[in-house]
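# Descriptive structure summary
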Amino acid sequence: MNLLEETLLDELTDGAEPKLLLRTRTRIDAGRWWRSTPVWICISGNELILFAVARRRYVERVQLADCRDCHYTAATGELVIDSTSSLRMKRVNLSPRDALKVIDFLTN
């Protein structure tokens, strides 16, 4: 995790230690010239947070209670986040092990 990502995470969690923090294989354009930026998934308090930062910030938050119907699609290698709120990024690429960790937090 680079300094920009650490700073944004600290802002998003108000300095609290996240329950779960994973770097996904999903990448987005956050303002770097030659490459895309990895998306991180974080569970802190009662929120699931998706974020990425470079020159621009990408942050989405959703309550854990709104994410009960999440599942992993082995064919695509993606965790599908079915929430009642409108997330722009509903699919993130994760390994099966990491996806199970997220699903465990979301279903308990």
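Look a little higher up for the structure.
Nothing here was measured: the structure is a model prediction, and the numbers come from that model.

We now examine the pattern of salt bridges. Applying the stated criterion across every chain yields a total of five salt bridges. The residue R57 makes a salt bridge to E11 at a minimum N-O spacing of 3.0 Å. Linking R57 in strand β4 (residues 57-63) with E11 in helix α1 (residues 3-13), this pair joins segments that are 46 residues apart in sequence. A relative accessible area of 44% means that E11 is categorised as partly exposed. One salt bridge in this structure joins R91 and E78, with 3.1 Å as the shortest N-O distance. Taken as a pair, R91 in strand β7 (residues 91-93) and E78 in strand β6 (residues 78-80) lie far apart in primary sequence, 13 residues in all. Residue R91 is classed as partly exposed on the basis of its relative accessible area, which comes to 43%.

In terms of nonpolar packing, the biggest core is built from 24 residues, with I41, L48, L50, L79, I81 and V102 touching the most fellow members. If you list the elements that add at least two residues to this core, you get β1 (20-28), β2 (37-44), β3 (47-53), β4 and α2 (96-107). No other element matches the four residues that α2 contributes to this core. With eight residues, the next largest nonpolar core counts L9, L12, W40 and I49 among its residues.

So, on to the sheet that holds strand β5 (residues 71-73). On the basis of which strands lie adjacent, the open sheet formed by three strands has the order β5-β6-β7 and antiparallel pairing. Looking at which strands have only one partner, the edges of the open sheet turn out to be β5 and β7. The average angle at which neighbouring strand axes cross in this sheet is 30°, direction not considered. Both β5 and β6 contribute to a ladder of three bridges, which runs antiparallel. Its bridge partner lying in β6, Y72 is registered against L79. In the packing of α2 onto the sheet, contacts are made with β5 and β6, and the angle to β5 comes to roughly 165°.

Rules behind the numbers
Residues numbered from 1 in each chain as written. Predicted model: local features only at pLDDT ≥ 70, side-chain atom pairs only at ≥ 80, totals over all residues. Heavy atoms only, no water. Salt bridge = Lys/Arg side-chain N within 4 Å of Asp/Glu carboxyl O. Helix = DSSP H or I, 4+ residues; strand = E, 2+ residues; numbered from the N terminus. Buried < 20%, exposed > 50% of the residue type's maximum accessible area, 1.4 Å probe, protein only. Core = buried A, V, L, I, M, F, W, Y, C linked by side-chain atoms within 4.5 Å. Pairing = 2+ DSSP bridges. Axes fitted to C-alpha atoms, helices over the stretch in contact; angles between N-to-C directions. Contact = heavy atoms within 4.5 Å.

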